[in-house]
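Each chain, written out:
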Amino acid sequence: MSTVPLAPSGTWKSIRWVSVPATPLLPSPPPDSQFYGRPSIFGWSRGFVGFSIAIGDGAADDTQNTMTTSYSSDGVHWNAGPGVQQETKDPLDIREVYEGPDGLLAVEEAGACSETWVEGLLTFSDGVTWQAVDMKKAFGSAVIWNVSGGSAGFVAVDTIGQTVWTSRDGQSW
């Protein structure tokens with residue numbers, strides 16, 4: 001149960017800051033790995049989700065990257081979620097998270113030289129566990145350039161804007 005009160009309704013006259021206990025946002029990286037980038041935090045109607053990427057699992061090729069996840073209903077008290085394994089040489093960043101009618105869709109992007117594209121999608125419906133979307137099954141050989149979402153569902157567009165996919169749950173396109 002949160003000790004942080006909800007914001008009052010009506011016109012605000014001031015803001016009162018509340019000191020919160022030091023709670024680790026994300027768990028420590030796995031042994032023999034290192035963190036990549038900064039943790040990302042996204043809000044949604046049921047709280048907050050956080051992500052951080054750890055590079056490598058100690059193997060020589062470092063293709064096993066782990067995305068650590070966390071969730072919070074109030075932004076103060078955080079819980080570690082199950083990690084998500086990435087089988088890529090370069091770790092993928094969660095750049096966007098959209099809330100749809102059945103949960104969240106996280107967009108994993110990759111790129112170079114100021115060009116980015118969608119490399120993976122993860123869905124989140126139970127408040128704890130993320131499920132990877134089978135990109136080949138969903139989009140075939142298309143390279144997805146942009147994804148967005150809202151209360152009606154999600155939309156994805158290929159790199160040349162010739163094909164548009166829609167989804168209510170983020171898994172079936």
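So, how was this worked out
- Residues numbered from 1 in each chain as written.
- Predicted model: local features only at pLDDT ≥ 70, side-chain atom pairs only at ≥ 80, totals over all residues.
- Heavy atoms only, no water.
- Helix = DSSP H or I, 4+ residues; strand = E, 2+ residues; numbered from the N terminus.
- Buried < 20%, exposed > 50% of the residue type's maximum accessible area, 1.4 Å probe, protein only.
- Contact = heavy atoms within 4.5 Å.
- Areas by Shrake-Rupley, 256 points an atom, 1.4 Å probe, with all protein chains shown as cover.
- Salt bridge = Lys/Arg side-chain N within 4 Å of Asp/Glu carboxyl O.
- Pairing = 2+ DSSP bridges.
- Polar contact = N/O pair within 3.5 Å; in protein donor to acceptor, adjacent residues only side chain to side chain.
- Phe/Tyr/Trp six-rings, centres within 6.5 Å; stacked < 30°, edge-to-face > 60°.
- pLDDT = per-residue confidence, 0-100.

Looking only at helices and strands, the chain has one helix and twelve strands in total. Along the chain direction, N to C, the helices and strands of the chain fall in the order β-β-β-β-β-β-β-β-β-α-β-β-β. Burial analysis of the chain (173 residues in total) assigns 36% to the buried set. Sequence-distant contacts in the chain: of pairs separated by 6 or more residues, those separated by 24 or more amount to 40%. With the model as given, the accessible surface of the chain reaches about 10,400 Å², and the carbon-plus-sulfur share is 53%.

Take the pattern of salt bridges next. Scanning the entire structure with this criterion turns up two salt bridges. Among the salt bridges present, the one from Arg95 reaches Glu109, with a minimum N-O distance of 3.5 Å. Here Arg95 is found in strand E6 (residues 93-100), whereas its partner Glu109 is found in strand E7 (residues 103-112), with 14 residues between them in sequence. Judged by relative accessible area, Arg95 falls into the partly exposed class, the value being 38%. The shortest N-O distance in the salt bridge between Asp102 and Arg168 comes to 3.9 Å. With a gap of 66 residues between them, Asp102 in the loop between E6 and E7 and Arg168 in the segment after strand E12 (164-167) connect regions that are remote in the sequence.

The alternating pattern of E12 places Trp165 and Ser167 on a buried face, while none of Val164 and Thr166, on the opposite face, is buried. Across four bridges, strand E11 (residues 153-158) lies against E12 in antiparallel orientation. Bridge pairing in E12 links Val157 to Val164.

Glancing now at the side chain of Glu109. The class for Glu109 is buried, based on a relative accessible area of 9%. There is a polar contact of 3.5 Å between the side chain of Glu109 and the side chain of Arg95.

With that out of the way, let us pick up the environment of Ser151. Following the sequence through the fold, Ser151 ends up in the loop between strand E10 (144-150) and E11. Separated by 48 residues in sequence, Ser151 and Gly103 have C-alpha atoms that sit 9.7 Å apart. Apart from residues no more than four positions distant in its own chain, Ser151 is found in contact with Glu99 and Pro101.

This part covers the environment of Trp44. One can find Trp44 in strand E1 (residues 34-44). The residues touching Trp44, leaving out its near neighbours within four places in the chain, are Val49, Glu99, Leu104 and Phe124.

Let's shift gears to the packing of aromatic side chains. All told, the structure shown has seven aromatic pairs when counted by the stated rule. With 6.1 Å between their ring centres and 65° between their planes, Phe42 and Phe51 make a pair best called edge-to-face. Using a relative accessible area of 2% as the deciding quantity, one classes Phe51 as buried. Here the aromatic rings of Phe124 and Trp130 are separated by 4.3 Å at their centres, their planes lie at 25°, and the arrangement is stacked. You'll find Phe124 and Trp130 in the same group, each marked buried. Ring-pair connections join several aromatic residues into one group, and the members of that group are Phe42, Trp44, Phe51, Phe124 and Trp130.

Time to look at the confidence of the model for the chain. Residues with a pLDDT of 70 or more make up 72% of the chain, whose mean pLDDT is 80. Here strand E5 (residues 84-87) stands out as the least confident element of the chain, with mean pLDDT 65; E12 is the most confident, with 97.

A separate point is the pairing of E11. In terms of strand pairing, E10 meets E11 through six bridges, oriented antiparallel. Its bridge partner being in E11, Gly150 is matched across the sheet by Gly153. Where E11 folds back onto E12 in an antiparallel hairpin, the turn is made up of five residues, including Gly161, whose phi is positive at roughly 75°.

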